[in-house]
Amino acid sequence: MMKRLAFLAPAAVFALAACASVPPASDTVTVSGQATYRERIALPTGSVMHVRIEDVSRADAPALVLAEEDYPSNGRQVPLAFSVEVPREALRSAVRTSARVRIEGPDGALLWITDTSNPVTLVPGGDTVDLGTLTMVSARR
């Protein structure tokens, strides 16, 4: 029994060291861009921009959220910049991915939202995806 424990001890130390390590930066992809809308309307104080990177390949089913971030406007106005860290493997295994952006007012009411597909395409060997400027439309039509 003692020999078996002595044999397992180095493996246990190696396993603990592997669990304690920080994953390398290459395990994630940074998806960035900015969101705006055409109307000249100021955002209310306390508004929040929600950015989601989704796998939208499943027909007749809700999109699978791969990553998301919330950005309080803090008095800033559009265009609002965003940067979301997405697990590289999630982007690789997804068939079709898209970025969805929405802005909610301080009361949680939807004000602005993207209404088109904004594909997130990972370039082989790349660590970043720049989506450029995404244009939202008013939710209060």
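Residues numbered from 1 in each chain as written. Predicted model: local features only at pLDDT ≥ 70, side-chain atom pairs only at ≥ 80, totals over all residues. Heavy atoms only, no water.

### Let's talk about unusual backbone geometry
Thought 1: In this model, Val78 is joined to Pro79 through a cis peptide bond whose omega is 0°.
Thought 2: With respect to the element layout, Pro79 can be found in the loop between strand E3 (64–72) and strand E4 (80–87).
Thought 3: Unusually for a residue other than glycine, Asp60 sits at a positive phi of about 55°.
Thought 4: One non-glycine residue, Asn74, lies in the positive phi region at around 50°.
Thought 5: Relative to the helices and strands, Asn74 resides in the loop between E3 and E4.
Thought 6: Exposure remark for Asn74: the relative accessible area of 68% places this residue in the exposed category. (Helix = DSSP H or I, 4+ residues; strand = E, 2+ residues; numbered from the N terminus. Buried < 20%, exposed > 50% of the residue type's maximum accessible area, 1.4 Å probe, protein only.)

### Observations regarding the nonpolar core
Thought 1: Counting 28 residues, the largest nonpolar core has Met49, Ile53 and Phe82 as the members making the most contacts within it.
Thought 2: At the level of secondary structure, the elements contributing two or more residues to this core comprise strand E1 (28–37), strand E2 (48–55), E3, E4, helix H2 (88–93), strand E5 (97–104), strand E6 (110–113) and strand E7 (128–138).
Thought 3: Among all residues touching Met49, those that are not within four sequence positions of it are Ala35, Glu69, Asp70, Tyr71, Leu80, Ala81, Phe82, Val101, Arg102 and Ile103. (Core = buried A, V, L, I, M, F, W, Y, C linked by side-chain atoms within 4.5 Å. Contact = heavy atoms within 4.5 Å.)

### So, the pairing of E1
Thought 1: Among the 10 residues of E1, seven are classified as buried, and the element is accordingly described as predominantly covered.
Thought 2: Here E1 pairs with E4 via eight bridges, running antiparallel. Note on E4: the bridge partner recorded for Thr30 is Glu85.
Thought 3: When E1 meets E7, the two strands line up parallel, connected through seven bridges. Note on E7: the bridge partner recorded for Thr36 is Thr135. (Pairing = 2+ DSSP bridges.)

### Considerations on the confidence of the model for the protein
Thought 1: Per-residue pLDDT for the protein has a mean of 86; in total, 82% of the residues score no lower than 70.
Thought 2: Considering only residues more than four positions removed or in separate chains, one finds that residues 1–23, a stretch of pLDDT under 50, has zero contacts. (pLDDT = per-residue confidence, 0-100.)

### Some points on the sheet that holds E7
Thought 1: Ordered by their spatial adjacency, seven strands build an open sheet running E3-E2-E5-E6-E7-E1-E4, and the pairing between neighbours is mixed. The outermost strands of the open sheet, each flanked by one partner alone, are E3 and E4. Averaged over neighbouring strand pairs, the angle between their axes works out to 30° when direction is ignored.
Thought 2: Pairing analysis gives two bridges linking E6 to E7, with the strands arranged antiparallel. What sits directly across from Ile113, in E7, is Val137. (Axes fitted to C-alpha atoms, helices over the stretch in contact; angles between N-to-C directions.)

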